[in-house]
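These are the residues of each chain, in order.
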Amino acid sequence: MKQMGALRLFERASLDLSNGELAILRGMNGSGKTTLLRILAGLLEPDEGSICGVIEGEVISGAEIADICHYLGHNNALKPEQTVRQNLYFWHMFGGSRSVIHAPSPVLTASRQLDFERLLDLPVSVLSAGQKRRVAFARLLVTPRPIWLLDEPTAALDTQTSALVEQAVEQHLEAGGICVAATHLPFLEAYP
């Protein structure tokens, strides 16, 4: 349960996902979608209840779940004065990689997959909102984690780029990943 002032956002929420499964949260603005994702990511504590999961038969806590999640929120978490390449390299290293990046690097691979290779050496500050969102999504690709928590993942994206993001999520799911997405836009409508 989570309460914000006098407003009770949700109560008795339960989510049970296995490898390769997707959950899409839909609801009006202010209904608690972002708050629920932030709780799952370990960024907020529930007022009541707990977060737990089972991985390979072992029960893990909310903090342990947060360690294996990517959270893509409304803020793109990019440093505007740095180049796209520098931002993605930072996230690659921050995510635990200790490898020196050689071609084809995860950064180059992600930029090709999401079609922004030509932007790699530009500062983030000169990018459009859609380009920034595309780069922010690439953070998930340069540092693999099994659980993706996506808040409005296709916000500010054109139709073509939204399709690239959906393909990346489908590949993540097909590889056994888990995804929880909150959106008011069409997203993976045809996914089984």
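Scroll up to find the structure this text is about.
Presented here is an overview of the structure given in this document. (Residues numbered from 1 in each chain as written. Predicted model: local features only at pLDDT ≥ 70, side-chain atom pairs only at ≥ 80, totals over all residues. Heavy atoms only, no water.)

1. Things to note about the overall build of the protein
As a reminder, the rule being used: Only runs of H or I of at least four residues qualify as helices and only runs of E of at least two qualify as strands under DSSP, and these elements are numbered from the N terminus. Burial here depends on accessible area, computed with a 1.4 Å probe over protein chains only, as a share of the maximum for the residue type. Under 20% is buried, over 50% is exposed, and the range in between is partly exposed. Contacts are assigned to residue pairs with any non-hydrogen atoms lying within 4.5 Å of each other. Note on areas: Shrake-Rupley, 1.4 Å probe, and residue coverage restricted to the protein chains presented here.
Check the secondary structure of the protein and you find 6 helices and 8 strands. Its helices and strands taken in sequence order, the protein reads β-β-β-α-β-β-α-β-α-α-α-β-α-β from the N to the C terminus. Classification of the 192 residues of the protein by burial places 44% in the buried group. Of the contacts made within the protein by residues no fewer than 6 positions apart, 68% connect residues no fewer than 24 positions apart. By element, 53% of the accessible surface of the protein is carried by carbon and sulfur atoms, the whole surface being about 10,500 Å².

2. What about the pairing of strand β7 (residues 147–151)?
Under the convention used in this document: The rule for pairing is simple: two strands pair if DSSP sees at least two bridges between them. When the strands point away from the viewer and the connection leading from the first strand across the helix to the second strand turns clockwise, the crossover is called right-handed.
For β7, the tally of buried residues reaches 5 of 5 residues, placing the bulk of the element in the interior. Across the two faces of β7 the burial is the same, with I147, L149 and D151 and W148 and L150 all buried. As paired strands, β7 and strand β8 (residues 178–182) are joined by 5 bridges and run parallel to one another. Paired with D151 across the two strands is A182, which belongs to β8. In this fold, the crossover linking β7 to β8 by way of helix α6 (residues 159–174) has right-handed handedness.

3. With respect to the nonpolar core
Using the following cut-off: In these notes, a set of buried Ala, Val, Leu, Ile, Met, Phe, Trp, Tyr and Cys residues joined through side-chain atoms within 4.5 Å is what counts as a nonpolar core.
Formed by 33 residues in total, the largest nonpolar core has its most connected members in V84, F116, F137, L150 and V169. Of all the secondary structure elements, the ones that give two or more residues to this core are α3 (84–94), α4 (106–113), α5 (129–142), β7, α6 and β8. Looking at which element gives the most residues to this core, the answer is α5, with 6 residues.

4. Details of the pairing of strand β3 (residues 22–25)
Burial of the side chains of β3 is restricted to one face: A23 and L25 are buried, whereas none of L22 and I24 on the reverse face is. Pairing of β3 with β8 involves 4 bridges; the strand directions are parallel. Bridged to L25 within β8 is A182.

5. Details of the packing of α5 against α6
Helix packing geometry: the angle between the two helix axes and the distance between the axes. To be explicit about the condition: Angles here are taken between N-to-C directions and fall from 0 to 180 degrees, while the axes themselves are lines fitted to C-alpha atoms, restricted in helices to the stretch in contact. We call two directions roughly parallel when the angle between them is under 35 degrees, roughly antiparallel when it is over 145, roughly perpendicular when it lies between 65 and 115, and oblique otherwise. When the near helix sits turned anticlockwise from the far one by under a right angle, the crossing is termed left-handed; a clockwise turn instead gives a right-handed crossing. Each residue is assigned to one class: nonpolar for Ala, Val, Leu, Ile, Met, Phe, Trp, Tyr, Cys and Pro, charged for Asp, Glu, Lys and Arg, and polar for all the others, Gly among them.
In the contact formed by α5 and α6, the axes pass within 11 Å of each other and the chain directions differ by 10 degrees. As summarised for this structure, α5 and α6 are arranged roughly parallel, according to the angle between their axes. α6 is crossed by α5, and the crossing has left-handed handedness. Taking contact as the criterion, the partners of R134, F137 and L141 in α5 are, on α6, T161, V165, A168 and V169. The residue inventory of the contact of α5 with α6, partitioned by class, reads 5 nonpolar, 1 polar and 1 charged.

6. Thoughts on α3
Put simply, the test is: By definition, the arc is the one covered by directions from the helix axis to the C-beta atoms.
Among the residues making up α3, those that are buried are V84, N87, L88, W91 and H92. Here the buried residues of α3 occupy an arc of 135 degrees about the axis, which is enough to place them on one side. Looking at the buried positions of α3, the neighbouring elements they touch are α4 and α5.

7. Notes on α5
So the rule is basically this: One less than the number of residues in a helix, times 1.5 Å, gives the span that helix is expected to have.
The end-to-end C-alpha distance of α5, which contains 14 residues, comes to 20 Å, matching closely the 20 Å that a straight helix rising 1.5 Å per residue would cover. The buried count for α5 comes to 11 of 14 residues, which makes it a mostly enclosed element. Looking only at α5, the buried set comprises G130, Q131, R133, R134, V135, A136, F137, A138, R139, L140 and V142. In this structure, the buried residues of α5 make contact with β6 (69–72), α3, α4, β7 and α6.

In short, geometric facts, not functional conclusions.
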